[in-house]
There are 2 protein chains.
Amino acid sequence: MSDNFVTDTRWLLPDGVDEVLPPQAGALEALRRQVLGLYDSWGYDLVMPPTIEYLDALLTGVARDLDVQTFKLTDQVSGRLMGVRADMTPQAARIDAHQLRRDCPVRLCYTGTVLQTRPEGPATSRNPLQVGAELYGHTGIESDIEIIALMIETLRRADVSEPHLDLGHVGIFRGLAEQAQLDAATESRLWEALQRKAASEVDELLAEVDVAEPARHMLSSLALLSGGTEVLAEAASRLADADEPVRRALAELNAIADALRAWLPDVAIHFDLAELRGYQYHTGVVFAAFVPGYGEEIARGGRYDDIGRVFGRGRPATGFSCDLKTLFNRSEREITSPAAIAAPWQHDADLSRYVGELRQTGERVIWLLPGHEHELAAMGCDRRLVCRTDGWTIEAIEG
Amino acid sequence: MSDNFVTDTRWLLPDGVDEVLPPQAGALEALRRQVLGLYDSWGYDLVMPPTIEYLDALLTGVARDLDVQTFKLTDQVSGRLMGVRADMTPQAARIDAHQLRRDCPVRLCYTGTVLQTRPEGPATSRNPLQVGAELYGHTGIESDIEIIALMIETLRRADVSEPHLDLGHVGIFRGLAEQAQLDAATESRLWEALQRKAASEVDELLAEVDVAEPARHMLSSLALLSGGTEVLAEAASRLADADEPVRRALAELNAIADALRAWLPDVAIHFDLAELRGYQYHTGVVFAAFVPGYGEEIARGGRYDDIGRVFGRGRPATGFSCDLKTLFNRSEREITSPAAIAAPWQHDADLSRYVGELRQTGERVIWLLPGHEHELAAMGCDRRLVCRTDGWTIEAIEG
């Protein structure tokens, strides 16, 4: 073995792949428990879908983006192609539609590592710890409100400061694209330009494919419909000539905004009618949470009514998810290592019983292995067990 | 879309890949918390290594078995080969040697999904939820005792009935193979025959390569050295002519057995000097826990002092791991769905506050979405919130 192993870069992790060490890992685990406890208290049942599935089960009905983001593997048992999940939402939808098959509303939550072939943004991880909640079987805006409220509550539990909410509705762009009779390729190019808020590019594209008025004017105005509550009134006037699906989407967005002002009076809402994240699998309202000082969204979700159909059963669906590690990194918590009690290495029935009791009450007790009796501080011990005339007692360790 | 989606087998999971649904998933999560809480109380710090790493970081220093069991992926960012972890133990060793670099004993624990290209046995999963604990930086038998005691305590916390312990020591076979001057290929063939307890095959092989006495006789007797405490005395006599490393390994095994009888008086111990699980990365004592009615080991571990060297720093190491799902399946717990309180869907400040308080105290409260007011039982509600003259109260739901 060569001498340069210590600095050998083989041990560095791949770009965008991270791991969590002590004491952060313990604090992240505590956050995980809090968040899953929150979901449980709202009636969301935990599911644990597998990390790998057959590729067609993972990808049918979802966006092409997700296909590109998914690592592929060959199953040596069946010879079929498998994928490592890049998103757990379609897995939850499969479980609702195919495994549970209930008729009533079903609330599911999950957490687990997802892997992505490339980082989504410069600061994003390729191995996020996804956590999310999904509500199946209800069509009205009430389930969207519940999901958005739960997303905001998730951020609050994580001690993430003042989230604000971004609201959009994919039905608006999709309805206008239909009204303008755009072909799929043009719709996709237009969607991309809108994401970049490239207004002049949008106009050039609309001119190029010769879209008729009033659709042309309305599609062009989408990039401008971004801001506070005033955007909804402006949209009503600018999109007055839209077909019924667009007007229905706008009405839905208005109703959701009204309800959110009552349910979440402290949360600032920003509207963006050109923002269409996850557009290929969402079908209604889409939303994201942002926090000051972090350029990318910290949580996101939306309605995706159609996805269940390919799993055997069409069900209305709405949900959100986020990366628990991103939340953790934005959280304003203090992280400390747990303090421990040192116990001398000896087999003594009284000592063993006492150590067991202390551990049961939540204390951390470390056996002092022979030869390491003087490394108490390094191991985080601030107290030790000592045998006095009246039995074993805990004594502070003098610095 | 065709009509036969409902029965389409595309949605079946790959062989040996399983998922956990409600209410089992909630109960498994509770077990996960208990076990990680146990490790924390013993001073084991949680680490969260990534699901994927560069292949050479995952596999250097470990057994060829693990290579075969590891799914390979190409990193689109670097073009290098990555692997999906099939075992978290080498990751913990990398973290101790390369990331933490402490001099004192380091106790680490972890849990997460590992993936294996093929199931290890007919009843084993290809996506186990591995949980384990590792102790670095201590050479004596005391750290082995601590790890074995923690493994047994893990099974007890999981309500797994009467585990018994299998003990072996790879130093015995390895020392005899050296004494007999076996080449690597013969050693490997002999090892394989010993695993299968194929005594006649062992003898044929020893004759074929013309191993001299006394090594030949001693190697041949290994397959017989399996049973209760009497095995240790028998080994002392049968292996009396062994070189010093073998006698040292036997003495170590004796000392560990003595200590275990004091520390774990209730646990039956079985000795097997030919059992060499994980032989390619273990260096000392090896152990496994078995329970009645389950043919395969339910937890296993051992000493693996050399693995850290390839990560930059040689450290003594001992540890164990198991599949939390196997433990869960063998556990004698009753699993029940949580009972919930239904809350009517309305925005009322008093109601919202009350719902929030109930959830904080651990109650599960479900908003009744419009149109689903009559599906209380299906959603697991046994009580409901009702507004009476003196405010919101909880009332039982009559069957």
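Residues numbered from 1 in each chain as written. Chains lettered and ligands numbered in written order. Predicted model: local features only at pLDDT ≥ 70, side-chain atom pairs only at ≥ 80, totals over all residues.

1. So, the overall build of chain A
Line of reasoning, step 1. Looking only at helices and strands, chain A features 13 helices and 16 strands.
Line of reasoning, step 2. Taken over 399 residues, chain A has a buried fraction of 47%.
Line of reasoning, step 3. Put simply, of all contacts in chain A between residues at least 6 apart along the chain, 69% involve residues at least 24 apart. (Helix = DSSP H or I, 4+ residues; strand = E, 2+ residues; numbered from the N terminus. Buried ≥ 20, exposed ≤ 12 C-beta atoms within 10 Å, placed from the backbone. Contact = placed C-beta atoms within 7 Å.)

2. Overview of the nonpolar core
The nonpolar side chains of a soluble globular protein tend to be buried, and buried together.
Line of reasoning, step 1. Core analysis: the biggest nonpolar cluster contains 208 residues, and L176, L219 and L324 of chain A together with L176, L219 and L324 of chain B have the highest contact counts within it.
Line of reasoning, step 2. Excluding anything up to four places from it in sequence, L219 of chain B contacts L176, A180, L190, L206 and V211 of chain B. (Core = buried A, V, L, I, M, F, W, Y, C linked by C-beta atoms within 7 Å.)

3. Considerations on the environment of R101 of chain A
Line of reasoning, step 1. Inspection of the secondary structure assignment puts R101 of chain A in the loop between α4 (89-100) and β5 (106-113).
Line of reasoning, step 2. The sequence separation of R101 of chain A and R313 of chain A amounts to 212 residues, and the corresponding C-alpha distance is 8.2 Å.

4. Describing unusual backbone geometry
Line of reasoning, step 1. Cis geometry marks the peptide bond from P22 of chain B to P23 of chain B, where omega comes out at 0°.
Line of reasoning, step 2. Checked against the element boundaries, P23 of chain B lands in the segment before α1 (24-41).
Line of reasoning, step 3. In this structure, the amide linkage connecting E213 of chain B to the following residue, P214 of chain B, adopts the cis form with an omega of 0°.
Line of reasoning, step 4. As for its placement among the helices and strands, P214 of chain B is situated in the loop between α8 (199-208) and α9 (215-221).
Line of reasoning, step 5. In the Ramachandran plot, R101 of chain A falls in the positive-phi region, its phi being about 50° despite a non-glycine side chain.
Line of reasoning, step 6. The class of R101 of chain A is partly exposed, set by 13 C-beta atoms lying within 10 Å.
Line of reasoning, step 7. The phi angle at D210 of chain A is positive, at roughly 60°, despite the residue not being glycine.
Line of reasoning, step 8. In this structure, D210 of chain A sits in the loop between α8 (199-208) and α9 (215-221).
Line of reasoning, step 9. The class of D210 of chain A is exposed, set by 7 C-beta atoms lying within 10 Å.

5. Thoughts on the relation of the copies chain A and chain B
Line of reasoning, step 1. Between the two copies, chain A and chain B, the superposition gives an RMSD of 0.1 Å; the rotation angle is 180° and the shift along the axis is 0.0 Å. Put plainly, the chains are arranged around a two-fold axis. Scanning chain A for the C-alpha nearest the rotation axis identifies L73 of chain A, at a separation of 3.6 Å.
Line of reasoning, step 2. Comparing contact sets, 98% of the residues at the interface of chain A also lie at the interface in chain B, consistent with an isologous, same-surface contact. (Least-squares fit on C-alpha atoms with pLDDT ≥ 70 in both.)

6. Some details on the packing of helix α7 (residues 184-195) of chain A against α8 of chain A
Residues and elements named next belong to chain A.
Line of reasoning, step 1. At a minimum axis distance of 8 Å, the contact between α7 and α8 shows a crossing angle of 160°. When the axes of α7 and α8 are compared, the pair comes out roughly antiparallel. α7 and α8 meet at a crossing whose hand is left-handed. The segment α7 lies against α8, with R189, L190, A193 and L194 engaging E201, V202 and L205.
Line of reasoning, step 2. A class-by-class count of the residues in the contact of α7 with α8 yields five nonpolar, no polar and two charged. (Axes fitted to C-alpha atoms, helices over the stretch in contact; angles between N-to-C directions. Parallel < 35°, antiparallel > 145°, perpendicular 65-115°, else oblique. Left-handed = near helix turned anticlockwise from the far one by under 90°. Nonpolar A, V, L, I, M, F, W, Y, C, P; charged D, E, K, R; others polar.)

7. Some thoughts on the sheet that holds strand β14 (residues 364-368) of chain A
Residues and elements named next belong to chain A.
Line of reasoning, step 1. Taken together, the four strands give an open sheet; going across it, the order is β14-β13-β15-β16, and neighbouring strands pair in mixed fashion. Here the strands that pair on one side only, and so sit at the sheet edges, are β14 and β16 (391-396). Across this sheet, the average inter-strand angle for adjacent strands is 35°, counted without regard to direction.
Line of reasoning, step 2. Bridging between strand β13 (residues 340-344) and β14 involves five bridges; their strand directions are parallel. Its bridge partner being in β14, A342 is matched across the sheet by I366. (Pairing = 2+ DSSP bridges.)

8. Topic: helix α6 (residues 170-179) of chain A
Residues and elements named next belong to chain A.
Line of reasoning, step 1. The buried fraction of α6 is high, at nine of ten residues.
Line of reasoning, step 2. Contacts made by the buried residues of α6 are with β7 (164-169), α7, α9, α11 (244-263) and β10 (285-290).
Line of reasoning, step 3. Immediately beyond the C-terminal end of α6, within one or two residues, lies Q181, with a positive phi of roughly 55°.

9. Remarks on the pairing of strand β10 (residues 285-290) of chain B
Remark: a regular strand shows side chains that alternate across the two faces of the sheet.
All names here are of chain B.
Line of reasoning, step 1. With five of six residues buried, β10 is to be regarded as a mostly interior element.
Line of reasoning, step 2. Pairing geometry for strand β7 (residues 164-169) and β10, over six bridges, is antiparallel. Bridge assignment links L167 to a residue of β10, and that residue is F287.
Line of reasoning, step 3. By the bridge criterion, four bridges tie β10 to strand β11 (residues 299-303) in an arrangement that is antiparallel. Paired with V286 across the strands is G302, a residue of β11.

10. Details of the interface of chain A and chain B
Line of reasoning, step 1. Taken together, the contacts link 84 residues of chain A with 84 residues of chain B.
Line of reasoning, step 2. It is helix α1 (residues 24-41) of chain A that provides the largest number of residues to the side of chain A that touches chain B, a total of eight residues.
Line of reasoning, step 3. Looking at the side of chain A that touches chain B, its residues break down into 45 nonpolar, 19 polar and 20 charged.

11. Some thoughts on the environment of L176 of chain A
Residues and elements named next belong to chain A.
Line of reasoning, step 1. Tracing the sequence through the fold places L176 in helix α6.
Line of reasoning, step 2. Using a count of 28 C-beta atoms within 10 Å as the deciding quantity, one classes L176 as buried.
Line of reasoning, step 3. Expressed as a C-alpha distance, the spacing of L176 and A133, which sit 43 residues apart in the sequence, is 30 Å.
Line of reasoning, step 4. Beyond its immediate sequence surroundings of up to four residues, L176 is in contact with A215, M218, L219, A242 and V246.

12. A word on the environment of E230 of chain A
All names here are of chain A.
Line of reasoning, step 1. Position of E230 relative to the elements: it lies in helix α10 (residues 230-238).
Line of reasoning, step 2. With 10 C-beta atoms packed within 10 Å, E230 lands in the exposed category.
Line of reasoning, step 3. Spatially, the C-alpha atoms of E230 and H164 are 17 Å apart, while their sequence positions differ by 66 residues.

13. Description of the pairing of strand β4 (residues 81-84) of chain A
All names here are of chain A.
Line of reasoning, step 1. Pairing of strand β2 (residues 52-54) with β4, which is carried by three bridges, proceeds in the antiparallel orientation. When the bridges of β4 are listed, I52 appears paired with V84.
Line of reasoning, step 2. Judged from the four bridges that link them, strand β3 (residues 71-74) and β4 form a sheet pairing that is antiparallel. For F71, the partnering residue across the bridge sits in β4 and is V84.
Line of reasoning, step 3. Here β3 hands over to β4 after six residues, with G79 in that stretch at a positive phi of 80°.

14. Some thoughts on the sheet that holds strand β12 (residues 317-323) of chain A
Residue and element names in this part refer to chain A.
Line of reasoning, step 1. In spatial order, the strands read β1-β5-β6-β12-β11-β10-β7-β9-β8; together these nine strands make up an open sheet with mixed pairing. Each of the sheet's edge strands pairs with one partner strand only, and the pair in question is β1 (45-46) and β8 (226-227).
Line of reasoning, step 2. Judged from the four bridges that link them, strand β11 (residues 299-303) and β12 form a sheet pairing that is antiparallel. The residue of β12 that forms the bridge with R300 is S321.
Line of reasoning, step 3. Each of β6 (129-136), β7, β10, β11 and β12 is contacted by helix α5 (residues 141-157), which is oriented at about 15° to β12, the strand it contacts most.

15. A word on the packing of α1 of chain A against α5 of chain A
Residue and element names in this part refer to chain A.
Line of reasoning, step 1. Two numbers describe how α1 lies on α5: the axes approach to 10 Å, and their chain directions differ by 150°. Viewed along their axes, α1 and α5 adopt a mutual orientation that is roughly antiparallel. Considering how the two elements wind past one another, α1 and α5 form a crossing that is right-handed. In this structure, α1 uses Q34, V35 and L38 to contact α5, whose residues at the interface are E153, T154 and R157.
Line of reasoning, step 2. The residue inventory of the contact of α1 with α5, partitioned by class, reads two nonpolar, two polar and two charged.

16. A look at helix α7 (residues 184-195) of chain B
Along an α-helix, residues three or four apart share an orientation, since each turn contains 3.6 residues.
Residue and element names in this part refer to chain B.
Line of reasoning, step 1. In this model, α7 (twelve residues) spans 16 Å end to end at C-alpha, consistent with the 16 Å of a helix rising 1.5 Å per residue.
Line of reasoning, step 2. Turning to α7, its buried residues are L190, A193 and L194. Seen from one end, α7 has its buried residues packed into an arc of 100°, which puts them on one side. Residues of α7 that are exposed and point more than 90 degrees away from the buried face comprise A184 and A185.
Line of reasoning, step 3. Where the residues of α7 are buried, they touch α8 and α9. (Expected span 1.5 Å × (residues − 1). Arc of directions from axis to C-beta.)

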